[in-house]
Amino acid sequence: MAGHAMNKARMLFTLSCLALLAACNMGAGGNASSGASSGASSGDSVQGELAGARIGAPFTLTDQDGKPARWDDYKGQYRIVYFGYTYCPDVCPVDLQRIMQAFAQFEKAAPQRAAKVQPILISVDPARDTPAVLKTYVAAFHPRLIGLTGKPDQIAKVAKDFVVIYNSEKVAGASDYLVGHSRTPYLFDPDGKPVALVPVDDPGTPDVDEGAPDKVLAFLQKWIK
C-alpha cells in the first residue's frame, strides 16, 4: 500500500513538472493536483497525493530581512512553499495573491490552525531578488509571507531538492528577462514532508477556476489539522 502511494505521488509530480515549465508572461500550465486536492477520493482523505514523494531537503538561504533562514527553522509548522520571482509579470503575483487571500480567510475562520502555517516564497531569480526587493514584494500579499533568496548555486540546489525546474531567459544586451519555472506550490506537514500541491488556476481550462480563493481555503481547511 505504501509503495502504491509513493508511486502515485511520483507519477503525479512528474506529470506536473513536465506540464508546468513556462515563461510567466506566456501563462504557466495548470496545477495537475488541483482537482485531486479539492475533490479528493476516499484514499486521499488520509494522505495527500504527494505523500511518500522525495521533495524537500535542509537548506540555508537568506530572508527578506537579510538574515539566515533554515528549512529546519520551520520545523513543527506546516509550510506553503511557492517558487517564483518578483519580476514575474503575471502568473506569480496572481497565484500568490489568491493563495494569501485564502490564507487570510483561513486565519479568520481558524486562527489557531492558521498559526501553525508558514507561507514561503523562494526566488528563482536571485540576481534581481535581493532581500530588500523581496521585503517590499512579500509585504504586499500578507504580513506572514516570507521571501527567501540566496546565491545562484544555493537556489539551484534548493530547486533541485524541491524538484523545481527553472530557466533564466536572458537575451544578450537586454536588462529585462523572464524566468521560466515549474508552477508547484507545495504544502508540507510539520515534519517537513510533502502533502499536496496547493490549487492554482489552469489557463487550459477557461471554464473552471481551479485556483479560486474559496478552493484554496477548502484545501487549507482539509489538510491543516
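Everything discussed here concerns the structure shown above.
Residues numbered from 1 in each chain as written. Predicted model: local features only at pLDDT ≥ 70, side-chain atom pairs only at ≥ 80, totals over all residues. Heavy atoms only, no water.

1. Topic: the packing of helix α3 (residues 91-109) against helix α7 (residues 213-223)
For clarity, the cut-off: Here, axes are lines fitted to C-alpha atoms. For helices the fit covers the stretch in contact, and angles between N-to-C directions go from 0 to 180 degrees. A run of H or I in DSSP becomes a helix once it reaches four residues, and a run of E becomes a strand once it reaches two; helices and strands are each numbered from the N terminus. Just so you know how the angles are binned, under 35 degrees is roughly parallel, over 145 roughly antiparallel, 65 to 115 roughly perpendicular, and the rest oblique. Crossing handedness: left-handed means the near helix sits turned counterclockwise from the far one by under a right angle, and right-handed means the same turn made clockwise. The contact rule is simple, with two residues in contact once any of their heavy atoms fall within 4.5 Å.
Between α3 and α7, the shortest axis-to-axis distance is 8 Å and the interhelical angle comes to 55°. By the angle between their directions, the pair α3 and α7 is classed as oblique. Regarding α3 and α7, the two cross each other, and that crossing is right-handed. For the pair formed by α3 and α7, the contact residues are R98, I99, Q101, A102, F103, Q105 and F106 on the first element and P213, V216, L217, L220 and Q221 on the second.

2. Comments concerning the sheet that holds strand β5 (residues 146-149)
Our working rule: When DSSP locates at least two bridges between a pair of strands, those strands are taken to pair.
Taken together, the 7 strands give an open sheet; going across it, the order is β2-β1-β5-β4-β3-β8-β9, and neighbouring strands pair in mixed fashion. Strands with a single pairing partner mark the edges of an open sheet, and in this sheet they are β2 (68-70) and β9 (194-197). Averaged over all neighbouring strand pairs, the angle between strand axes comes to 35°, with direction disregarded. Here strand β1 (residues 60-63) runs beside β2; their pairing, made up of 3 bridges, is antiparallel. From the neighbouring strand, L61 faces β2, where its bridge partner is A69. Contacting β1, β3 (78-84), β4 (117-123) and β5, helix α6 (residues 152-161) crosses the sheet at an angle of about 115° to β1.

3. Examining α6
Inclusion rule: Remark: exposure states derive from per-residue accessible area (1.4 Å probe, protein chains only) relative to the maximum for the residue type, with buried under 20%, exposed over 50%, and partly exposed in between. Starting at the helix axis, one direction is taken to each C-beta atom, and the arc is that of these directions.
Here α6 has its buried residues at I155, V158 and A159. Seen end-on, α6 carries its buried residues on one side only, within an arc spanning 100°. Summarising the geometry of α6, the exposed residues directed more than 90 degrees from the buried face are D153 and K160. On the buried face of α6, the contacting elements are β1, β3, β4, β5 and β6 (166-169). One or two steps after α6, the chain reaches V163, where phi turns positive at roughly 55°.

4. Structural notes on the pairing of β4
Consecutive residues of a regular strand have side chains that alternate between opposite faces of the sheet. With 7 of 7 residues buried, β4 is to be regarded as a mostly interior element. Burial along β4 is two-sided: the residues V117, P119, L121 and S123 and Q118, I120 and I122 are all buried. By the bridge criterion, 7 bridges tie β3 to β4 in an arrangement that is parallel. Across the sheet, residue Y78 finds its bridge partner in β4, namely V117. With 3 bridges joining them, β4 and β5 adopt parallel strand pairing.

5. Structural notes on the environment of I120
For I120, the location among the structural elements is in strand β4. Its relative accessible area of 2% is what places I120 among the buried residues. If sequence neighbours within four positions are ignored, I120 has contacts with W71, Y74, R79, I80, V81, Y82, L145, I146 and L148.

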